[in-house]
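# Chains, contacts and geometry: an overview
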Amino acid sequence: MPRFAANLTMMYNEHAFLDRFAAAAKDGFKAVEFLFPYDFRAGDIKARLESNGLNQALFNAPPGDWAAGERGIASLPGREDEFRRSIETALDYTRVLGNRKLHVMAGLIGADQPRARHREVYLKNLAYAAKAAQGDGITVVIEPINTRDMPGFFLNRQDDAQVICAEVGAPNLKVQFDCYHCQIVEGDLAGHAVEGDVLHGVDGGLEDPLGRGGGGDGSNRQTEFAGGRRRGGARGHRAAQDLRRQVLGCGGHGWRGHHPVLPALAGPQPGAFDPLPP
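A brief structural summary. Predicted, not measured: the structure shown is a model, and the values here were computed from it.

## Quick word on the overall build of the protein chain
Counting its secondary structure elements, the protein chain contains nine helices and nine strands. Out of the 278 residues belonging to the protein chain, those deemed buried represent 50%. Excluding contacts between residues fewer than 6 apart, the proportion of contacts in the protein chain whose partners are at least 24 apart in sequence is 69%. Roughly 12,300 Å² of accessible area belongs to the protein chain as shown, and the carbon and sulfur atoms make up 51% of that amount.

## Structural notes on empty space enclosed by the protein
Once rolled over the atoms, a probe with the size of a water molecule shows which space is left empty. This structure, assessed with the given rule, holds one cavity of 30 Å³ or more. Contributing to the lining of the largest cavity are Ala61, Pro62, Pro63, Gly72, Ile73, Ala74, Phe83, Ser86, Val104 and Met105. Considering only residue class, the lining of the largest cavity consists of eight nonpolar, two polar and no charged.

## Points about the packing of helix H2 (residues 42-51) against helix H3 (residues 80-97)
Packing of H2 against H3 brings their axes to within 9 Å, and their N-to-C directions diverge by 30°. Judged by the inter-axis angle, H2 sits roughly parallel to H3. The hand of the H2/H3 crossing is right-handed. Touching Ala42, Gly43, Ile45, Lys46 and Leu49 of H2 are Tyr93, Val96 and Leu97, all from H3. Considering only residue class, the contact of H2 with H3 consists of six nonpolar, one polar and one charged.

## Here's the deal with H3
For H3, built from 18 residues, the straight-helix expectation of 26 Å at 1.5 Å per residue is met to within 8% by its first-to-last C-alpha distance of 26 Å. Taken together, the buried positions of H3 are Phe83, Ser86, Ile87, Ala90, Leu91, Tyr93, Thr94 and Leu97. One side of H3 holds all its buried residues, which, seen down the axis, span an arc of 160°. Exposed residues on H3 whose side chains face more than 90 degrees from its buried face are Asp81 and Arg85. Against the buried residues of H3 lie H2, strand E3 (55-60), strand E4 (101-103) and helix H4 (115-134).

## Considering the packing of H3 against H4
Contact pair H3 / H4: the axes reach a minimum separation of 10 Å and the direction vectors enclose 30°. Comparing the axis directions of H3 and H4 gives the class roughly parallel. Where H3 crosses over H4, the two elements pack in a sense that is right-handed. Packed against H3, whose contacting residues are Glu80, Phe83, Arg84, Ile87, Glu88 and Leu91, the element H4 presents Arg117, Val121, Asn125, Tyr128, Ala129, Ala132 and Ala133 at the interface. In the contact of H3 with H4, the residues fall into eight nonpolar, one polar and four charged.

## Description of the nonpolar core
Ranked by size, the top nonpolar core spans 54 residues in total, and within it Leu8, Phe21, Tyr122, Ile142 and Leu173 carry the most contacts. Taken together, the elements giving at least two residues each to this core come down to strand E1 (3-7), helix H1 (20-26), H2, H3, H4, strand E5 (139-142), helix H5 (158-168) and strand E6 (173-178). Residues within four places of Leu173 in sequence aside, it is in contact with Leu126, Ala130, Val140, Ile142, Cys165 and Val168. With five residues, the next largest nonpolar core counts Ala5, Ala57, Leu58 and Val141 among its residues.

Basis of the calculations
Residues numbered from 1 in each chain as written. Predicted model: local features only at pLDDT ≥ 70, side-chain atom pairs only at ≥ 80, totals over all residues. Heavy atoms only, no water. Helix = DSSP H or I, 4+ residues; strand = E, 2+ residues; numbered from the N terminus. Buried < 20%, exposed > 50% of the residue type's maximum accessible area, 1.4 Å probe, protein only. Contact = heavy atoms within 4.5 Å. Areas by Shrake-Rupley, 256 points an atom, 1.4 Å probe, with all protein chains shown as cover. 1 Å grid on protein atoms, 1.4 Å probe; cavity = no way out; pocket = protein on both sides within 12 Å on 5 of 7 lines; lining within 4 Å. Points joined across faces, edges and corners; volume = space filled by probe spheres on them. Nonpolar A, V, L, I, M, F, W, Y, C, P; charged D, E, K, R; others polar. Axes fitted to C-alpha atoms, helices over the stretch in contact; angles between N-to-C directions. Parallel < 35°, antiparallel > 145°, perpendicular 65-115°, else oblique. Left-handed = near helix turned anticlockwise from the far one by under 90°. Expected span 1.5 Å × (residues − 1). Arc of directions from axis to C-beta. Core = buried A, V, L, I, M, F, W, Y, C linked by side-chain atoms within 4.5 Å.

Listed below in structure tokens is the structure:
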């Protein structure tokens, strides 16, 4: 049976951030994730996790200047020292919060910028991050993101991400397979989600009208659910529901871990989703 984690950046926005933990626990969640913890002391977040019986599933490494539009710095030439400091900051938080996975965002590239140079920097930075995280038992994940929602994002395709991980060669560097982004860029959503040879070495994400999910390799399979987005009309809705049923049966494919829930709903959300399974 899948296990679900509430994304506290997207959910319970009617509450202040530190109060969202209690709201998630009240709705039956046993784990949470969010984009960034760095506006709060790690000890304060840990206290909310413990007092509400929650586990931390995932968060992102510092992404650069998010407010100014940056979406990661891992592939940005000239920002290597900043990247290394960001990984140390992120690992300091993982040691307190207890999550075993850390998402590192690639960053944006302009149409006139040298892609080969960005790729070279990206591989070196990922190698550094994976080595730094390995001693703490942390898996670093990278995620291809579609350029419709995030124009200029450096990493867009699953096959490119897999090649990058293979070139880096770190056992704790994996691809976060997000079916929402994959469907926009590559299609064949169900095929990517269930073919074990495609998903080898992958942690993943799915996004359907109810949630966001994905899968992983046999030793470390994780799926995610996020949702509330009904793109593609009735046909897209039916396809997403079909995939959702497949992922809810993911135990048969050997997937395990948490399925983060990111409903894209406006306003207060209590009762906006079905009761969670025990």
